[in-house]
Amino acid sequence: MADPKKLFIKTYGCQMNVYDSERMAEAMGADGYVLSDSAEDADMVLLNTCHIREKAGEKLYSDLGRLKKLKAARPDVKIGVAGCVAQAEGAEIMRRSPIVDLVVGPQSYHRLPEMARAGTPQVDTDFPLEDKFDLLPERKATRGPMAFLTVQEGCDKFCAFCVVPYTRGAEVSRDPQRILTEARGLVEKGVRDLTLLGQNVNAYHGDGWTLSKLIRELAKVDGLERIRYTTSHPNDMEDDLIAAHGDEPKLMPYLHLPVQSGSDRILKAMNRKHTAESYLRLIERIRAVRPDILLSSDFIVGFPGETDQDFEDTLSLIRAVNYGAAYSFKYSARPGTPAAEKPEIDGDVADARLQILQALITEQQRGLQQAMVGREVGVLYEKAGREAGQMIGKSDHLHAVFVNDPHGRVGEMVRVRILASSSNSLAGARISE
Ligand code: SAM
Ligand code: SF4
């Protein structure tokens, strides 16, 4: 039998891209490809790109520059570009980098195998009528007991800074029965902790179901122990979803709820359609039903027109919430978005603000991690650690936890007493049953 062909995938950006890369690997698997760890010995190299900030987009071209040598040495190696830069730039990518053989957008990647088989350059950035999820092969291997499952794609919110509504298209929810089938399949393959994904996941409305109904039905799947979801918009946190945080034990006490800014003036200019006050009231309602919930957010600093006072308002909001984690970014003007028309603020001022904000978040994160010391938590073992007998897992609050447990198994859910907190992880001892 001939050796299988090798596929190397590099994934940039968000968790939805991680999920898409897994599905593309499965689709190519049906055509005889196996995954490879390096581009050098691969028959096909696929770059699954991100367009959210300028730097993310630039990475594609620096990687393509590096791949030139490989293509010159082995012209039969296929080079593919997928993801949001593929969607935004289409055939332009091939003009800038002639080594590229195919360009495929996030809605068309079920066509990847036939595009790879074609002997001519291929571009597909359509939003096809058919649903790619119906046409992709069944889920295969998973990476350990945690998995992502995309339930919703696209976004209709049009925040003034964001390319997602243009690259991922209008908001679409997947059919709930198909999601349940995919989830059951993953659980049969050993998944215990499932994160439901969507650019605007809490706006989920597949077949008239809300996200909370989907979560409650998933919670009935035997063997599935934990459910999470990301990313949510504050305006779609409906009462039924908040209630689920209070009474659905499998819904984990971790919520990523981006606010972007604490200044009402900036939130208005961002077209976020919520205020700092409405966000804080929402957090109060969520904490009323789940006091130990760990909150995380996204922040943009240096949005056009942001003053020192606006930035102070953001710091005040952060102090009021006390976050367990956050992603923070310097504003990056994206072509085609309304905010890109506005004059940018001084880059050095934005850099300085980003550092201040990140230092505050780090302080809060460490404080909340330190507060776990002495507590008993649930841990799902993900992999063996570097030291003999050591297991590494995730707590309910998504903290990384190191446990000395020579008999521990990957995929096992255990109770652990937290003994120490370091910069970005916890250490604990297994509590014997
Ligand atoms: N749907 C999510 C929401 O409502 O927050 C986020 C989706 S986006 C992929 C992830 C994060 O990237 C955003 O929350 C925002 O903080 C950041 N982001 C988006 N556009 C940006 C831009 N032009 N410059 C800097 N950061 C940006
Ligand atoms: Fe982008 Fe999120 Fe705003 Fe949608 S809600 S436009 S994905 S930041």
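Here, the structure is the one placed above.
Residues numbered from 1 in each chain as written. Chains lettered and ligands numbered in written order. Predicted model: local features only at pLDDT ≥ 70, side-chain atom pairs only at ≥ 80, totals over all residues. Heavy atoms only, no water.

> Where do I start with the pairing of strand β16 (residues 390–395) in this structure?
In regular strands, side chains alternate between the two faces of the sheet. In terms of burial, β16 is a largely internal element, six of the six residues being buried. Summarising the sheet, strand β15 (residues 376–384) and β16 pair through five bridges and their orientation is antiparallel. In the strand pairing of β16, V379 is matched with S395. Between β15 and β16, which follow one another and run antiparallel, lie five residues, and G389 among them has a positive phi close to 75°. With five bridges joining them, β16 and strand β17 (residues 400–404) adopt antiparallel strand pairing. Note that in β17 the partner of Q390 across the bridge is N404. Between β16 and β17, which pair antiparallel and follow one another directly, the connecting turn spans four residues, one of which, L398, has a positive phi of 70°. (Buried < 20%, exposed > 50% of the residue type's maximum accessible area, 1.4 Å probe, protein only. Helix = DSSP H or I, 4+ residues; strand = E, 2+ residues; numbered from the N terminus. Pairing = 2+ DSSP bridges.)

> Just checking my understanding: could you explain the environment of I345 for this structure?
Looking at where I345 falls in the secondary structure, it is placed in the loop between β14 (325–330) and α14 (347–370). I345 sits 41 residues away from P304 along the chain, and the two C-alpha atoms are 5.7 Å apart. For I345, the contacting residues outside a window of four places in its chain are G302, F303, P304, G305, E306, A350 and R353. (Contact = heavy atoms within 4.5 Å.)

> Looking at this model, I keep getting lost on the sheet that holds strand β19 (residues 426–430). Mind explaining?
Pairing between the strands of a sheet comes from backbone hydrogen bonds, and it takes one of two forms, parallel or antiparallel. Strand order in the closed barrel made by the five strands is β15-β16-β17-β19-β18, with mixed pairing throughout. For this sheet, the mean angle separating the axes of adjacent strands, direction not counted, is 50°. With five bridges connecting them, β15 and strand β18 (residues 413–421) associate as antiparallel partners. The residue bridging G378 from the neighbouring strand is R415, located in β18. (Axes fitted to C-alpha atoms, helices over the stretch in contact; angles between N-to-C directions.)

> Please clarify how the site of ligand 2 should be interpreted in this entry.
Around ligand 2, the structure places C155, K157, F158, C159, F161, C162, V164, P165, H233 and R272. Within the shell around ligand 2, the residues separate by chemical class into seven nonpolar, one polar and two charged. (Near = heavy atom within 4 Å. Nonpolar A, V, L, I, M, F, W, Y, C, P; charged D, E, K, R; others polar.)

> In this structure, what is going on with the site of ligand 1? I would like to understand it.
Around ligand 1, the structure places 15 residues, and the nearest of them are F161, Q199, Q260, D298 and S332. Those elements that place two or more of their residues in the shell around ligand 1 are β13 (294–301) and β14. Residue classes in the shell around ligand 1 are distributed as six nonpolar, four polar and five charged.

> I'm lost on unusual backbone geometry in this one. Help?
The phi angle of most residues is negative, glycine excepted, and most peptide bonds adopt the trans form. At the junction of T230 and T231, the peptide bond is cis and its omega measures out at 5° in the coordinates. Within the element layout of this structure, T231 appears in the loop between β11 (226–230) and α10 (239–247). Located in the positive-phi region is Q260, a residue other than glycine, with phi close to 75°. Here Q260 is to be found in the loop between β12 (254–256) and α11 (264–269). A positive phi angle is found at L398, which is not glycine, with a value near 70°. With respect to the helices and strands, L398 occurs in the loop between β16 and β17.

> Would you explain the sheet that holds β14 in this entry?
Sheet architecture is open: three strands sit in the order β12-β13-β14, paired in parallel fashion. Looking at strand neighbours, the two that pair on one side only are β12 and β14, the edges of this open sheet. Averaged over neighbouring strand pairs, the angle between their axes works out to 10° when direction is ignored. The pairing of β12 with β13 spans three bridges and is parallel. Within β13, the position partnered with H256 by the bridge is S296. Strands β13 and β14 of the sheet are contacted by α14, whose axis makes an angle of about 175° with β14.

> Would you take a moment to explain the packing of aromatic side chains for this structure?
Any two aromatic rings considered together are summarised by their centre-to-centre distance and by the angle between their planes. In the structure shown here, the tally under the stated rule is five aromatic pairs. Seen from their ring centres, Y19 and F133 are 6.4 Å apart, and the 50° between their planes marks the pair as tilted. Of this pair, Y19 sits in helix α1 (residues 15–29) while F133 is found in helix α6 (residues 132–135), placing the two residues 114 residues apart along the sequence. With respect to class, Y19 is no different from F133; both count as buried. A centroid spacing of 5.6 Å and a plane angle of 75° characterise the contact between F158 and Y166, whose relative ring orientation is edge-to-face. Among the aromatic residues, ring-to-ring pairing joins F161, F303 and Y331 into one connected group. (Phe/Tyr/Trp six-rings, centres within 6.5 Å; stacked < 30°, edge-to-face > 60°.)

> Looking at this structure, I do not really get helix α2 (residues 54–73). What am I missing?
For the α-helix, the turn length of 3.6 residues means that residues three or four positions removed from each other point alike. Taking 1.5 Å per residue as the helical rise, α2 with its 20 residues ought to reach 28 Å, and the 31 Å between its terminal C-alpha atoms agrees with that figure. Of all the bends in α2, the greatest, near 35°, is centred on L67. Three or more residues of α2 are buried, namely A56, G57, L60, Y61, D63, L64, L67, L70 and K71. (Expected span 1.5 Å × (residues − 1). Bend = angle between axes of the 7 residues up to and from the residue.)

> So what exactly am I meant to see when it comes to the pairing of β13 here?
The buried count for β13 comes to eight of eight residues, which makes it a mostly enclosed element. Residues L294, S296, D298 and I300 point to one face of β13 and L295, S297, F299 and V301 to the other, with burial holding for every one of them. Sheet topology places β13 next to β14; six bridges connect them, and they run parallel. Across the sheet, S296 pairs through a bridge with A325, a residue of β14.

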